[in-house]
Number of protein chains: 2
Amino acid sequence: MAKGLPKRSEDYSAWYNELVKKADLAENSPVRGCMVIKPYGFAIWEKMQQTLDKMFKDTGHSNAYFPLFIPKSYLSREADHVEGFAKECAVVTHYRLKNAEDGSGVVVDPDAKLEEELIVRPTSETVIWSTYKNWIQSHRDLPLLLNQWANVVRWEMRTRLFLRTAEFLWQEGHTAHATKGEAIKETETMLHVYAKFAEEFMSMPVVRGVKTESERFAGAEETYCIEALMQDGKALQAGTSHFLGQNFAKAFDVTFSDKNNQLQHVWGTSWGVSTRLMGALIMAHSDDEGLVLPPKLAPIQVVIVPIYKGEEQLAKISEKVAGIKSELEARGISVKFDDRDTLRPGFKFADWEMKGVPVRVAIGARDLENNTVEIARRDTKEKQSYSLDNVESVIADLLDQIQENIFHKALMFRDDNITKVESYEEFKEVLETKGGFISAHWDGTPETEEKIQEETKATIRCIPLENEEEEGTCIYSGKPSTQRVLFAKAY
Amino acid sequence: MAKGLPKRSEDYSAWYNELVKKADLAENSPVRGCMVIKPYGFAIWEKMQQTLDKMFKDTGHSNAYFPLFIPKSYLSREADHVEGFAKECAVVTHYRLKNAEDGSGVVVDPDAKLEEELIVRPTSETVIWSTYKNWIQSHRDLPLLLNQWANVVRWEMRTRLFLRTAEFLWQEGHTAHATKGEAIKETETMLHVYAKFAEEFMSMPVVRGVKTESERFAGAEETYCIEALMQDGKALQAGTSHFLGQNFAKAFDVTFSDKNNQLQHVWGTSWGVSTRLMGALIMAHSDDEGLVLPPKLAPIQVVIVPIYKGEEQLAKISEKVAGIKSELEARGISVKFDDRDTLRPGFKFADWEMKGVPVRVAIGARDLENNTVEIARRDTKEKQSYSLDNVESVIADLLDQIQENIFHKALMFRDDNITKVESYEEFKEVLETKGGFISAHWDGTPETEEKIQEETKATIRCIPLENEEEEGTCIYSGKPSTQRVLFAKAY
Ligand SMILES: [Zn+2]
Ligand SMILES: [Zn+2]
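- The name that an unreviewed UniProt entry assigns to chain A is Proline--tRNA ligase, with the source organism given as Algivirga pacifica.
- Under the heading Sequence similarities (unreviewed entry), UniProt records this for chain A: "Belongs to the class-II aminoacyl-tRNA synthetase family. ProS type 3 subfamily."
- Under the UniProt heading Subcellular location (unreviewed entry), the note attached to chain A is "Cytoplasm".

Written as structure tokens, this is what we have:
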């Protein structure tokens, strides 16, 4: 912990990589592109999971579990889907190893070749819709509102901890409905669940929008998304919710008899967020001293560091701390008393700053005499002395304030970095000098979108849901346009 | 639900298979050997997970996540380990599909062959110990007490829902210690955690013991286990805890400098339970009417069925039920009000019996007049009328009684089915006619163990931890023996 991070303003990418490592969040594994999520990082992910899982259940969903493997032929059933996923998947071809004849170790047993190869799921629409076929006969079987927490694999060539890894953890919701309207409503409901989670728990403001055709999920008729802005001015897609139309129902022949006894194809949705959210969380608030965590997702919300000389002082401080700790815990606040005896307070301060603990309490022998403690908040680094008398409610208030403050800071940053431009020249200049979201008119064609991406690396992040209609001309083609869309370079 | 189950006494195996299906717990997937865990089954597994996870954390463990894939060469590092797992594993050899030239779909792209094959983890010792090497340098880094919840794959040829599947869900604890004594203590602690969970939550009595050498985990120096007895007289291994000695530390060269600055190899343990526990839970208590669940693991603890004619009666009943339901929920009891209007009460009764809901409340118009309800308990099928005045505490008591009662019933059954035998003739006769655990003297050699297994299909389930020393002679070889061991046919 002695050595600090690279400066965020000087090398954002190195800052991120070092932060993930130094805050003990994750590391690369011996398997190319797969990560090890370390206990502290995993504790944050668990908080995310618990919160989201409750939100899913509160909106009527249940969890289930579907197989890791997908028969190769299933992928091909939906034409767009296979195009989207076949190029980056892990393929299981054999089911046994045997001892090498030369004694050098184990080799694949050629006699144990699978008749049909299995794909490690990159997403589960195909295997789930093939199952839904047996579960759905009547309108009484609908809606079917399921979710699974799972690992998935997409063979990415360039990987980055949390942001893009070959294996990642996620949840995938898969719902089936009797009508188009219901399915669209579900797609939107889940988008709003994601947005609420991002804003209220991650303190990360997001734009709700829909993707253009070329950025849509492979097999969807409409992809809704939430897009966040990172501190380097790049956008990050934080969650997607797909209206699948009847595509998978048709591919797997999933029908139901409606109230008039007519056979209809089922309407579907799917929606997911992943450990990528960890990357977003890290980048949204952290600074040159390390991680800054929103209190609602911090595994340790308060750390208490004793400042003492000798056993006797420590014993007195520990006794006082025990009372504070149990009162805070009774309020549902998680507290760590860092009484490691081989480390100096300054080292501990830096350590917990690196790990993003929202509130730090330091308490020494003099504090005991004066009935005070020193409290430091991680977000603003302000330190202040407080009376011990009502320290628990001071801390509880402070946690709320921090949650709020980092959201507003991120919101101001985001709003300052949505720039309206009227020409392609201006577009390119803002993109190079300022970054962020660029709000511009676009003619609605994939051709223009592709050209702009080729020339500038910016993509259309979304067409915001609450867009105002506005007459204008496309910055690239000069053709007429009825609304602005948001461009950005993205993770 | 109209059609019942095969009788448990007539065809135990068909009874189990149909029960898993009819209670909506799980089903086979299109992928050979992999199961779909349905929402109701998964809700039970979630309760198990939450309970165990809290027990792990209360004993000082944290969760983390390690990769799904293991490089082939890693498996070979520990000689016994590779022998144990190489013969039944899913092997990833390629990372891309491409369109078939004849347009028939997608095929494996031969240009995308991996340099080294990857094994889908059958268990994670190798990849975890290769990671621990970088995490452990000093005695201050120990103990390392981690767990992961994950899916694993073992290519079983004969599969059965929950009991033996190619992919299954489990938790695997992996700990590292400075001394042999500490590691053995950890192994035993976790065995007792499993036993406590089985007995207090699953209401399933277990024998704690150690495995013989030939039944040990591949790579362990000692395997501790809990063994349960199913209603057909077969044993089921419900959890294992392994003392790994320094085997994996040596295979992956994991050392630490001790307090005297001497380099030592680390001592290890690993321990796991899986969705197999679902199979055990199902078989431990259920009957010809369906599932019998211990209240502590039942997703729905109380179902309330209205008995009514017409909307007006239903409205009055519903109003009363709303009050009961919210009072029960305030006590942490989960309640389902089954007001489906197209099904008769008798159908609903059978449906919830099949699903094992511990307490059923029926309430009709006459009950409202009399201020009573009818309460039926799933375990004994007793029905009784109670006053509505204190119905919530009656139900709470009943749930406790059911939890207790099914445990004692299972315990009596288990104790009645541990038979001491003194000769091989007697052994074979008890095995064929009565089944259950057979307590017999054994000479301690793998040869005798193997012969008995070949001739009778019975295996040594364990050497019980609290075994009395007793002079005797081996039932098979006649050689001297100092203690009895437990034999049984097993799942
Ligand atoms: Zn069809
Ligand atoms: Zn070594």
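Now that the structure has been shown, the text picks up again.
## Notes on the pattern of salt bridges
Then step 1. One pass over the structure, following the stated rule, counts 64 salt bridges over all chains.
Then step 2. One salt bridge in this structure joins R377(A) and D379(A), with 2.7 Å as the shortest N-O distance.
Then step 3. On the basis of relative accessible area, R377(A) is assigned to the buried category, the value being 12%.
Then step 4. Here R360(B) makes a salt bridge to E353(B), at a shortest N to O gap of 3.2 Å.
Then step 5. By relative accessible area, E353(B) is classed as partly exposed at 22%.
Then step 6. Bridged by salt links that share partners, the residues D24(A), E27(A), K38(A), D338(A), R340(A), K348(A), D351(A) and K355(A) form one connected network.

## Description of the packing of helix α1 (residues 12–22) of chain A against helix α8 (residues 276–285) of chain A
All names here are of chain A.
Then step 1. Across the interface, α1 lies against α8 with an axial gap of 11 Å and an inter-helix angle of 115°. The handedness of the crossing between α1 and α8 is right-handed. Between α1 and α8, the contacting residues are Y12, W15, Y16, L19 and V20 on the first element and G279, I282 and M283 on the second.
Then step 2. Class assignment for the residues of the contact of α1 with α8 results in 7 nonpolar, 1 polar and no charged.

## Considering the packing of helix α2 (residues 39–58) of chain A against α8(A)
Residue and element names in this part refer to chain A.
Then step 1. Across the interface, α2 lies against α8 with an axial gap of 11 Å and an inter-helix angle of 105°. By the angle between their directions, the pair α2 and α8 is classed as roughly perpendicular. Across from G41, I44, W45 and M48 in α2, the residues of α8 making contact are L277, M278 and L281.
Then step 2. Of the residues that constitute the contact of α2 with α8, the class distribution is 6 nonpolar, 1 polar and no charged.

## Some words on the side chain of H242(B)
All names here are of chain B.
Then step 1. The topology assignment puts H242 in strand β13 (residues 235–245).
Then step 2. Note on H242: relative accessible area 7%, which makes it buried.
Then step 3. Within the local environment of H242, its side chain forms a polar contact with the side chain of T240, the two groups lying 3.4 Å apart.
Then step 4. With residues near it in sequence (within four places) discarded, H242 still touches T187, F217, A220, E222, T223, G268, T269 and S270.

## Brief notes about the pairing of strand β21 (residues 383–387) of chain A
Residues and elements named next belong to chain A.
Then step 1. The pairing of strand β20 (residues 372–377) with β21 spans 5 bridges and is antiparallel. Each residue of the ladder has a partner; that of V373, found in β21, is Y386.
Then step 2. The turn linking β20 back onto β21 is made up of 5 residues, and K381 within it adopts a positive phi angle of 65°.

## Let's talk about empty space enclosed by the protein
Then step 1. The full count for this structure, using the stated rule, is 2 cavities of 30 Å³ or more.
Then step 2. In this structure, the largest cavity is lined by Y194(A), F197(A), A198(A), M202(A), M204(A), I226(A), A238(A), V273(A) and L277(A).
Then step 3. Tallying contributions element by element places helix α6 (residues 180–201) of chain A first for the lining of the largest cavity, with 3 residues.
Then step 4. Reported here for the second largest cavity is a volume of approximately 30 Å³.
Then step 5. Around the second largest cavity, the lining residues are M35(A), I37(A), E167(A), F168(A), L169(A) and Y65(B).
Then step 6. Looking at the lining of the second largest cavity, the element that brings in the most residues is strand β10 (residues 167–177) of chain A, giving 3 residues.
Then step 7. Grouping the constituent residues of the lining of the second largest cavity by class yields 5 nonpolar, no polar and 1 charged.

## Some remarks on the relation of the copies chain A and chain B
Then step 1. For the pair chain A and chain B, the superposition axis carries a translation of 0.0 Å, the fit reaches an RMSD of 0.0 Å, and the rotation angle comes to 180°. Look at the turn and shift together and you get a two-fold axis relating the two. In terms of proximity to the rotation axis, the leading residue of chain A is V92(A), whose C-alpha is 2.1 Å off the axis.
Then step 2. When the interface residues of chain A are mapped onto chain B, 100% of them are again interface residues, pointing to one common binding face.

About the criteria used
Residues numbered from 1 in each chain as written. Chains lettered and ligands numbered in written order. Predicted model: local features only at pLDDT ≥ 70, side-chain atom pairs only at ≥ 80, totals over all residues. Heavy atoms only, no water. UniProt positions renumbered as here; feature names shortened; annotations may be inferred. Salt bridge = Lys/Arg side-chain N within 4 Å of Asp/Glu carboxyl O. Buried < 20%, exposed > 50% of the residue type's maximum accessible area, 1.4 Å probe, protein only. Axes fitted to C-alpha atoms, helices over the stretch in contact; angles between N-to-C directions. Helix = DSSP H or I, 4+ residues; strand = E, 2+ residues; numbered from the N terminus. Left-handed = near helix turned anticlockwise from the far one by under 90°. Contact = heavy atoms within 4.5 Å. Nonpolar A, V, L, I, M, F, W, Y, C, P; charged D, E, K, R; others polar. Parallel < 35°, antiparallel > 145°, perpendicular 65-115°, else oblique. Polar contact = N/O pair within 3.5 Å; in protein donor to acceptor, adjacent residues only side chain to side chain. Pairing = 2+ DSSP bridges. 1 Å grid on protein atoms, 1.4 Å probe; cavity = no way out; pocket = protein on both sides within 12 Å on 5 of 7 lines; lining within 4 Å. Points joined across faces, edges and corners; volume = space filled by probe spheres on them. Least-squares fit on C-alpha atoms with pLDDT ≥ 70 in both.

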